[in-house]
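# Inside the fold
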Amino acid sequence: MVIDQSRFTLSIIIPCYNEINTIEEVINQVKNTSIKSKQIIIIDDFSTDGTREYLNSIEDKSIKVILQNKNQGKGAAIAKGINFAKGDISIIQDADLEYDPNEYEKLINPILFNKADVVFGSRFQGAEPHRVVYFWHRVGNGFLTLFSNIMTDINLTDMETCYKAFRTEILKSVSIREKGFGFEPEITAKVARMKCRIYEVGISYFGRTYEEGKKIGWRDGVRAIWCIIKYNLFIKE
């Protein structure tokens, strides 16, 4: 079925921190996607590598640039971006080229066809290419997803994925508390509790190494475990 692009606007929320090597290419890829009506929101989390200065120099008025006044974390950046989202659908896009903006249509199709309210892009299903990187990251992702599934009673394959698409009114109705990478288990717990219709689609994944700028580490995994417990058992709003 062909998408009628006159029916919707897509808001793309791009949190970034120290991504001077990739931010320009990410912006170009997002601008050149097949989605015609889109809103691009970039939130810089107080970068120190030149990213902030580059974003400040952008003259394209169709791009909303928000500069945090201190480093607060990915979750805080996303929460700030949500406030400015005006599209019918919103999607989270990392600034590191690990995820391909050309796959937006695949992600938002279940929402457009009124099958889903939230769509997760799974790095671990489907036939798309996946870079082979860290074994223990895969084990950790599998454990966190399993633990989250036990708590939420949903059967995701990739809870920690960046690529999540939402009906914007649903995303705006969620109060985001987590400042860092705990955003992923928090939002998962909350949309599951809201009984949202959740879908998964397979996506490609071009993972980075730490030498290439990957930031997430074992401490974030420990925090994610606590967030799964916290937002499924203790904090219900």
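Structure: above.
Predicted model only: the values in this text are computed from it and were never measured.

Turning our attention to the overall build of the protein chain. Scanning the protein chain from N- to C-terminus turns up eight helices and seven strands. Each principal axis of the C-alpha atoms in the protein chain carries an extent, and together these give about 45 × 40 × 35 Å. Across the 237 residues in the protein chain, those meeting the buried criterion constitute 51%. For the protein chain, long-range pairs separated by at least 24 residues make up 80% of all intrachain contacts whose partners lie at least 6 apart in sequence. A total of about 11,300 Å² of accessible surface is found on the protein chain, and carbon and sulfur atoms cover 53% of it. In the protein chain, which carries 32 positive and 31 negative side-chain charges, the distance between the mean positions of the two groups comes to 6 Å.

It is worth spelling out the sheet that holds strand β1 (residues 10–16) at this point. Strand order in the open sheet formed by seven strands is β3-β2-β1-β4-β6-β5-β7, and the pairing between neighbours is mixed. Looking at strand neighbours, the two that pair on one side only are β3 (63–67) and β7 (198–202), the edges of this open sheet. Between one strand axis and the next, the sheet turns through 20° on average, direction left out of account. Here strand β2 (residues 38–44) runs beside β3; their pairing, made up of five bridges, is parallel. Each residue of the ladder has a partner; that of I43, found in β3, is I66. Seen against the sheet, helix α3 (residues 74–82) touches β1, β2, β3 and β4 (89–92) and runs at an angle of roughly 150° to β1.

Cut-off values and rules
Residues numbered from 1 in each chain as written. Predicted model: local features only at pLDDT ≥ 70, side-chain atom pairs only at ≥ 80, totals over all residues. Heavy atoms only, no water. Helix = DSSP H or I, 4+ residues; strand = E, 2+ residues; numbered from the N terminus. Buried < 20%, exposed > 50% of the residue type's maximum accessible area, 1.4 Å probe, protein only. Contact = heavy atoms within 4.5 Å. Areas by Shrake-Rupley, 256 points an atom, 1.4 Å probe, with all protein chains shown as cover. Lys, Arg positive; Asp, Glu negative; His and termini not counted. Charge placed at Lys NZ, Arg CZ, Asp CG, Glu CD. Pairing = 2+ DSSP bridges. Axes fitted to C-alpha atoms, helices over the stretch in contact; angles between N-to-C directions.

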